[in-house]
Amino acid sequence: MTGFVSFVGSGPGDPELLTLKAVDRLKRADAVLFDDLSSGPILSHAGPGADLIGVGKRAGRPSPRQHHVSRLLVDYAADGGRVVRLKGGDGGLFGRLEEELVALREAGIPYEIVPGVPSAVAAAAAAGIPLTRRLTARRVQFVTGHDVTGTLPTDIDIGALADPAACTVVYMGKRTFPDLAETLMARGLPPETPAMLAEGVSTEHQRITRSTVGALADSLREAPGDLPALIFYGPLADA
Ligand SMILES: C[S@@+](CC[C@H](N)C(=O)[O-])C[C@H]1O[C@@H](n2cnc3c(N)ncnc32)[C@H](O)[C@@H]1O
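Residues numbered from 1 in each chain as written. Predicted model: local features only at pLDDT ≥ 70, side-chain atom pairs only at ≥ 80, totals over all residues. Heavy atoms only, no water.

- Per an unreviewed UniProt entry, the protein carries the name uroporphyrinogen-III C-methyltransferase and comes from Roseivivax sediminis.
- The UniProt entry for the protein carries the following comment under Sequence similarities (unreviewed entry): "Belongs to the precorrin methyltransferase family."
- Word for word, the UniProt comment on the protein under Pathway (unreviewed entry) is "Porphyrin-containing compound metabolism; siroheme biosynthesis; precorrin-2 from uroporphyrinogen III: step 1/1." (UniProt positions renumbered as here; feature names shortened; annotations may be inferred.)

Section: the sheet that holds strand E2 (residues 31-34)
Point 1. Ordered by their spatial adjacency, five strands build an open sheet running E3-E2-E4-E1-E5, and the pairing between neighbours is parallel. Sheet topology places strand E3 (51-54) and strand E5 (111-114) at the edges, where each strand pairs with a single neighbour. Across the sheet, the mean angle from the axis of one strand to that of its neighbour is 15 degrees, orientation sign disregarded.
Point 2. Here strand E1 (residues 4-9) runs beside E5; their pairing, made up of four bridges, is parallel. Across the sheet, residue Phe 7 finds its bridge partner in E5, namely Ile 113. (Pairing = 2+ DSSP bridges. Helix = DSSP H or I, 4+ residues; strand = E, 2+ residues; numbered from the N terminus. Axes fitted to C-alpha atoms, helices over the stretch in contact; angles between N-to-C directions.)

Looking at the sheet that holds strand E6 (residues 139-144)
Point 1. In spatial order, the strands read E6-E7-E10-E8-E9; together these five strands make up an open sheet with mixed pairing. A single partner strand is all that each edge strand has here, and the edge strands are E6 and strand E9 (207-212). Taken pair by pair, the neighbouring strands of this sheet meet at an average axis angle of 20 degrees, ignoring direction.
Point 2. Pairing between strand E7 (residues 166-171) and strand E10 (residues 229-233): four bridges, direction antiparallel. What sits directly across from Val 170, in E10, is Ile 231.
Point 3. Each of E6, E7, strand E8 (194-199), E9 and E10 touches helix H4 (residues 119-127); the most contacted strand, E10, lies at about 70 degrees to it. (Contact = heavy atoms within 4.5 Å.)

What to know about the nonpolar core
One broad rule of soluble globular proteins: the nonpolar side chains tend to lie buried together.
Point 1. Counting 21 residues, the largest nonpolar core has Phe 177, Leu 180, Leu 184 and Tyr 233 as the members making the most contacts within it.
Point 2. For this core, the secondary-structure elements that each account for two or more residues are helix H5 (158-161), helix H6 (177-186), E8, helix H7 (213-222) and E10.
Point 3. Those residues in contact with Phe 177 that lie beyond four places of it in its chain are Val 213, Leu 216, Ala 217, Leu 220, Ile 231 and Tyr 233.
Point 4. Core analysis: the next-biggest nonpolar cluster, separate from the first, contains 18 residues, Ile 129, Ala 137, Val 169 and Ala 198 among them. (Core = buried A, V, L, I, M, F, W, Y, C linked by side-chain atoms within 4.5 Å. Buried < 20%, exposed > 50% of the residue type's maximum accessible area, 1.4 Å probe, protein only.)

Here's the deal with the domain arrangement of the protein
Point 1. In terms of domain boundaries, the protein breaks down into domain 1 (4-114) and domain 2 (119-233).
Point 2. Domain 1 and domain 2 are separated by 27 Å when their C-alpha centres are compared.
Point 3. Taken together, the 10 residues of domain 1 in the interface contact 14 residues of domain 2.
Point 4. In this assembly, domain 1 packs against domain 2 so that about 810 Å² is buried in total across both faces, 72% of it on carbon and sulfur atoms.
Point 5. Here domain 1 and domain 2 share zero salt bridges between them.
Point 6. Taken together, the links from domain 1 to domain 2 amount to two residue pairs in polar contact (both at pLDDT 80 or more).
Point 7. Per-class residue counts for the side of domain 1 that touches domain 2 are six nonpolar, two polar and two charged. (Domains from an automatic or database assignment. Buried area = accessible area lost by both parts, 1.4 Å probe. Salt bridge = Lys/Arg side-chain N within 4 Å of Asp/Glu carboxyl O. Polar contact = N/O pair within 3.5 Å; in protein donor to acceptor, adjacent residues only side chain to side chain. Nonpolar A, V, L, I, M, F, W, Y, C, P; charged D, E, K, R; others polar.)

Observations concerning the site of the ligand
Point 1. Every one of the 17 residues lining the ligand counts as a neighbour, but Gly 88, Asp 90, Leu 93, Ser 119 and Ala 229 are closest to it.
Point 2. Taking Gly 88, its main chain carries an N or O atom lying 2.8 Å from a nitrogen atom of the ligand.
Point 3. In isolation the ligand exposes 560 Å². Once the protein is present, 87% of that is buried.
Point 4. Three or more residues apiece are contributed to the shell around the ligand by two domains, here domain 1 (4-114) and domain 2 (119-233). (Near = heavy atom within 4 Å. Areas by Shrake-Rupley, 256 points an atom, 1.4 Å probe, with all protein chains shown as cover.)

A closer look at H4
Point 1. Those residues of H4 that fall on the buried side of the exposure criterion are Ser 119, Ala 120, Ala 122, Ala 123, Ala 124 and Ala 127.
Point 2. The elements touched by buried residues of H4 are E6, E7, E8, E9 and E10.

Considerations on the packing of aromatic side chains
Geometrically, a pair of aromatic rings is defined through the distance of the ring centres and the angle of the planes.
Point 1. Considering all chains together, one arrives at four aromatic pairs under this definition.
Point 2. Ring centres of Phe 142 and Tyr 171 lie 6.0 Å apart, and the angle between their planes is 65 degrees; this geometry places the pair in the edge-to-face category. Of the two residues, Phe 142 is situated in strand E6 and Tyr 171 in strand E7; the sequence distance between them amounts to 29 residues.
Point 3. Phe 142 sits in the partly exposed class, given a relative accessible area of 31%.
Point 4. Tyr 171 sits in the buried class, given a relative accessible area of 9%. (Phe/Tyr/Trp six-rings, centres within 6.5 Å; stacked < 30°, edge-to-face > 60°.)

Rendered as structure tokens:
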């Protein structure tokens, strides 16, 4: 008998931001494969008999390779179990979802995708601001701050990222933001463009720091810190 995999977005960390569907799938799971950012109290929704398997890959730390995670997922489901693949935020945003979907498709294992609250959306809510603003921020763009090598991707659209009329959210960008900011300012983005660092959103470590592109680049160059973080810049509303 073939099992079934539910890809579940766990939201940014606060268990109250789980959807009802996410809680239901966790309660019924035989096995839960979870990332670092979707652990903690979220896992308490899994039943006492469920296998809980950490497959995290936080930047800078040794972590299971992607093909190993996909293999594990296929093996658990091939045994006939109900498997939850728990991913932080929404699994479809910088969550390496595609690689795992392909592995399941190739193995003929059925699956569903349960969306979650993306950390960027939760961060804006925590800061008390909208992501869009009528007239001044008609566009929102989410971009990754690093590629597979951990450096700033060389093929990102700098013109779009230097657009002063867009709200830009940089994921995984604390270490590369000083370089990005330099490139953006060379393209004409004013250093005093409003910026915000949102760390550990919806967790006990949450810290929201208002700044400017120039000043934030300087402070991250000095001390990037360890918490997962998002960088916002553009015509951000006042909190
Ligand atoms: C691999 S990506 C996953 C993103 C996730 N799928 C989402 O929808 O938010 C991990 C990055 O998301 C951001 N992130 C995730 N959770 C966060 C949180 N609670 N607070 C701040 N940033 C977070 C950080 O930039 C982190 O390095």
